Every structure is written in structure tokens, then in C-alpha cells.
Amino acid sequence: MLSLFKDSPEYEARKARPFSPTKVTISEVHAVVPKHLFQKSFFTACLYIARDVLSAVALYKLGWQIEPLAASLVNDYGAPAYVGTIAKWGGWSVYWVCQSVVLAGWWCMAHEAGHGNVSNKKWLNNLTGFLLHTFVLAPYFAWRSTHHSHHKATVSIERDENYVPRTRSDFKLPSESVARAVDYHELFEETPIYTAARMLLMQLLGWQIYLCLDTMGSPRHPKGTNHFSPSSSLFKPHERNGIIASNIGLTVMCCVLYMWTQTVGLPAFLKLYFVPYILLNHWIVMLTYLHHSDPTIPMYRNRQWSYLRGALSTVDRPLLGWAGRVYFHNVSHDHIAHHLFSNIAWYNQPYVTEELKKLLGVEYNSDSTNTFRALYRTFTQCCFVEDEGDIVFYKNQHGKAVRELAPDALDRPTVVAKKVD
């Protein structure tokens, strides 16, 4: 039980090891991956999609039975009223968690479609991703655009689009040479209740806030940047029709939900759809936040950044164990493989991971820390980075980084290499 509150051995070992960029080359990485793993099967993808859809439908049908069954315990079997109340809200709690995980699987499958992994045909990928994302109120084409930009510039402080760290100057902190402990504590130390409230806000509404305000996105974009304006600086001119299509899809879906709510009532809408929708966003924010935000993972500025270095700057995590592997389609379990080979379908990524482990050795980043503990650790320790330095780590509320650079870290030149599809 205590292990739930402890950092994993992998995390502790990585923290204790001074960091130096990998000597492995992009050619060596590609050489270890069998060519057959690049093959895609639309039939196989359809089986996964059918499983996810049927799981959601089955849970939806069961959801309608929760309150009748709870009432039956009291009316037909003579159970005390409090037993019926416990059964009702216990049943809803189980439904909300299970349905949110399944619908997060829809989101993750749309993510795979956005990378072209459902089919060899672009239109089939886009249709699949558009339908799945629209059902969970995600703007497919807008998200796909910024997500591809993220893959092209992972952990590049200047060019990444997601969870870009804020700097010392952003927080108006004194320079490191003159800053005192109180300067950091005044800004970053919080009461546990306030920290919990901020985490809750991020986990439940962080996805919507990001879409509407580009919070935690790249600071190079102007104020007011969002994922719904076709003219947003996030998008290229040729992508604007897709942004409009996403907006139309979301509008239609909102109308469908409104008409359905008129039929079944507001309480049913809230219990059957809205709460799972909010919780699925929690899972998406959790897994995306923890992919690259970690006290032991480096971030790069342009002189030291390369595609390979960026792709290796993530962490594989066993989020939700077997349920996360099944319904999140390996996106957390095999995230390093996904960044190196985003054009390999999710069902082949575990095989890629095994090959990468052999090649990378101690440079393979994994973390079996309980994911909720890892979330709290990252939220409270990843506060800011320095304005200078070509390879930097997050600093905590005491102004300290938990990992240091090896003496030769900056001596290794980058090898600029594009992803090979």
C-alpha cells in the first residue's frame, strides 16, 4: 500500500544518473524495427473500433438499469433506504469511471486515425477520427494539426505546441544568482487544499481551457489563440476548411445532445453522458501531461534539439494497467515508440517497445510510479525552467532541479534527422 505514495525504482535511478544526450543514431533506431510492423490492417482496426463502441453501448444500457435496480432493493427486497441510496450512487460511480475509460479509448482511437494508422486510405482515417472525436466533443482537424506540430518539435522550448514550460522570467523571478528561498516559496508554495483545487481544475477542465485559450501552449502565439478560429496562428491556410468542418461537427453534436436531453431529461444527460465526458477529459489530460512533463526528463533549445532527442524525451507509463493498455490503445505504455514511429499502428507498438528497450538500455525512460502519485509529483515539482541553457530540466518550488547534466552533455552535437515514415 505504501508503494502507492513512493517513486518507482526506475524514476529514482534516472534521477540519480547525470543526463547526457544519447549516442544512438536515428539509423540505428530504424534498423531494429522489423518492416512488417509498419503494415496496417483496416480490418484489425475495425475490430478494435467495434469493441470500443460495443463496450460503450453495453455500459450505456446498464446505466439505465442502475436506478431501477437500486429502487428494487428497497421496494421488492425490503432493504433499508440507505442501502438503496448506496447502491444507486455506487452504481453510478462505477458507470462513470468505466464509461469514461471506454470513451477515452474513442479519443485515443481518433488519435491513431489522425496519425494515419486506421487505414492506408487518408479519407478513411479522417472519417474515423472525425466521427469518434466529434462524439466526445473534440475538434478533430484542429487537434490533429497542433498534435502533428507537437510531434515535429517534441520538447523544443521554442517550437513545441503542448505543455511548453514557463521560464524564470515569465514568473518575474529574480536571477538565480540573487534569488532567495523566500522568492520561490512566495510564488510556488501553496496549501494542500489549494494545490488539490488547482489540480482538480486542470484535470476536469484543462482540455477545454487548452482548446479555448491555448493555455500551456506555445507562448509565441498571440493572446486569444484557440482551436476554433480558422484564422488562428495555430493553423496553416490549407488547414482552414478542416477547422470549419470540425466546428460544424461539434455544432451538430451539441444539437443532437440537446434534442436527446429534451427526450430523456437533464438528470439522465448529466449522469449518462456529461459526467463520463468530463472524466474522459481527466484521463486525456493526465496521460498527455505526464508524457513529457517530468522532473527527470530534459527539454531542449534549438542548438541542442533534434527529432531523435525530442522523441526520446518522454516516459512510458503503465497507466491503469491492463485497462489502459486495452482501451487507451497503448498510448501511455508505448509512448516512446509512438513518438519515434507514429506511423506504426497501436497494436504493433508493444513489439517496437521491446526492440527499443534492447537498443537504448538505461536511456529507455519508464516509470511504474502510481500514476496519481506521478501526477501530483509533476504538478508540484515541475514549476519553471531557466531562460538560458540549451538542455534544461524543470525546477521545483525551491528553485532546484532534481537531475543534473553530465560534464560532457553539451559536447555532443545534434544530428538533425527527419522522421522516416
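Residues numbered from 1 in each chain as written. Predicted model: local features only at pLDDT ≥ 70, side-chain atom pairs only at ≥ 80, totals over all residues. Heavy atoms only, no water.

### What to know about empty space enclosed by the protein
Here's step 1: In this structure the tally under the stated criterion is two cavities of 30 Å³ or more.
Here's step 2: For the largest cavity, the calculated volume is near 100 Å³.
Here's step 3: Lining the largest cavity are H150, V155, S156, I157, D160, N162, Y163, V164, P165, H292, S293 and M299.
Here's step 4: Size it by volume and the second largest cavity reaches roughly 40 Å³.
Here's step 5: Taken together, E112, H329, N330, V331, D334, H338 and Q349 make up the lining of the second largest cavity. (1 Å grid on protein atoms, 1.4 Å probe; cavity = no way out; pocket = protein on both sides within 12 Å on 5 of 7 lines; lining within 4 Å. Points joined across faces, edges and corners; volume = space filled by probe spheres on them.)

### Side note on a nonpolar patch on the surface
Here's step 1: Taken together, I244, I248, V252, V256, Y258 and M259 make up a surface patch of nonpolar side chains, about 590 Å² in accessible area.
Here's step 2: Within the fold, Y258 resides in helix α10 (residues 240-264). (Patch = residues over 30% accessible without salt bridge, like charges linked within 9 Å, V, L, I, M, F, W, Y side chains within 5 Å. Areas by Shrake-Rupley, 256 points an atom, 1.4 Å probe, with all protein chains shown as cover. Salt bridge = Lys/Arg side-chain N within 4 Å of Asp/Glu carboxyl O. Helix = DSSP H or I, 4+ residues; strand = E, 2+ residues; numbered from the N terminus.)

### A word on the environment of W346
Here's step 1: Locating W346 in the fold gives a position in the loop between α14 (335-340) and α15 (349-360).
Here's step 2: Along the backbone, W346 and H221 are 125 residues apart, and their C-alpha atoms lie at a distance of 32 Å.
Here's step 3: For W346, the contacting residues outside a window of four places in its chain are A45, Y48, M109, E112, N117, V118, H329 and N330. (Contact = heavy atoms within 4.5 Å.)

### Looking at the UniProt feature "domain: Fatty acid desaturase" (unreviewed entry) in the chain
Here's step 1: The feature "domain: Fatty acid desaturase" (unreviewed entry), as given by UniProt, occupies residues 91-360 in the numbering adopted here.
Here's step 2: End C-alpha to end C-alpha, residues 91-360 measures 45 Å, and it is 61% helix and 1% strand. (UniProt positions renumbered as here; feature names shortened; annotations may be inferred.)

### So, the layout of surface pockets
Here's step 1: Quantified by volume, the largest pocket comes out at close to 1,200 Å³.
Here's step 2: Together, 49 residues line the largest pocket, and Y163, M202, M216, Y289 and F379 are the ones closest to its centre.
Here's step 3: Elements with a minimum of two residues in the lining of the largest pocket: α5 (81-114), α7 (140-152), α8 (181-188), α9 (192-213), α11 (266-292), α14 and α16 (371-381).

### A closer look at the state of the cysteines
Where two cysteines share a covalent bond between their sulfur atoms, that bond is called a disulfide.
Here's step 1: By the definition in use, this model includes zero disulfides.
Here's step 2: Among the cysteines around C254, which has no disulfide bond, C255 carries the closest sulfur, lying 7.1 Å off.
Here's step 3: According to the relative accessible area criterion, C254 is partly exposed, its value standing at 43%.
Here's step 4: The class for C255 is partly exposed, based on a relative accessible area of 41%. (Disulfide = S-S within 2.5 Å. Buried < 20%, exposed > 50% of the residue type's maximum accessible area, 1.4 Å probe, protein only.)

### What to know about the packing of α11 against α16
Here's step 1: The geometry of α11 relative to α16 is characterised by a closest axis approach of 10 Å and an angle of 65° between their N-to-C directions. Between α11 and α16 lies a crossing of left-handed hand. Here H282, W283, M286, Y289 and L290 of α11 lie close against α16, whose contacting residues are T371, F372, A374, L375, T378 and F379.
Here's step 2: Taken together, the residues that form the contact of α11 with α16 break down as eight nonpolar, three polar and no charged. (Axes fitted to C-alpha atoms, helices over the stretch in contact; angles between N-to-C directions. Left-handed = near helix turned anticlockwise from the far one by under 90°. Nonpolar A, V, L, I, M, F, W, Y, C, P; charged D, E, K, R; others polar.)

### Describing the nonpolar core
Here's step 1: Residues W107, W207, L280 and F328 are the most contacted members of the largest nonpolar core, which totals 56 residues.
Here's step 2: Listed by contribution, the elements that provide at least two residues to this core are α3 (42-63), α5, α9, α10, α11 and α16.
Here's step 3: The dominant element in this core, judged by the number of residues it contributes, is α11, at 14 residues.
Here's step 4: The residues touching W107, leaving out its near neighbours within four places in the chain, are H133, V136, A138, W143, W207, L280 and I284.
Here's step 5: Counting residues in each nonpolar core, the second largest holds 30 residues, with F19, W305, A337 and L360 among its members. (Core = buried A, V, L, I, M, F, W, Y, C linked by side-chain atoms within 4.5 Å.)

### Let's talk about the confidence of the model for the chain
Here's step 1: In this model, the chain carries an average pLDDT of 94, and 97% of its residues clear a pLDDT of 70 or more.
Here's step 2: Segment residues 416-421 is flagged for pLDDT under 50; beyond a separation of four residues in sequence, or across chains, it makes eight contacts in the model. (pLDDT = per-residue confidence, 0-100.)

### Details of helix α6 (residues 122-135)
Here's step 1: For α6, which comprises 14 residues, the first-to-last C-alpha distance of 20 Å matches the rise-based estimate of 20 Å (1.5 Å per residue) to within 8%.
Here's step 2: For α6, the complete set of buried residues consists of L124, N125, N126, T128, G129, F130, L132, H133 and T134.
Here's step 3: Where α6 is buried, its residues touch α3, α5, α7 and α10. (Expected span 1.5 Å × (residues − 1).)

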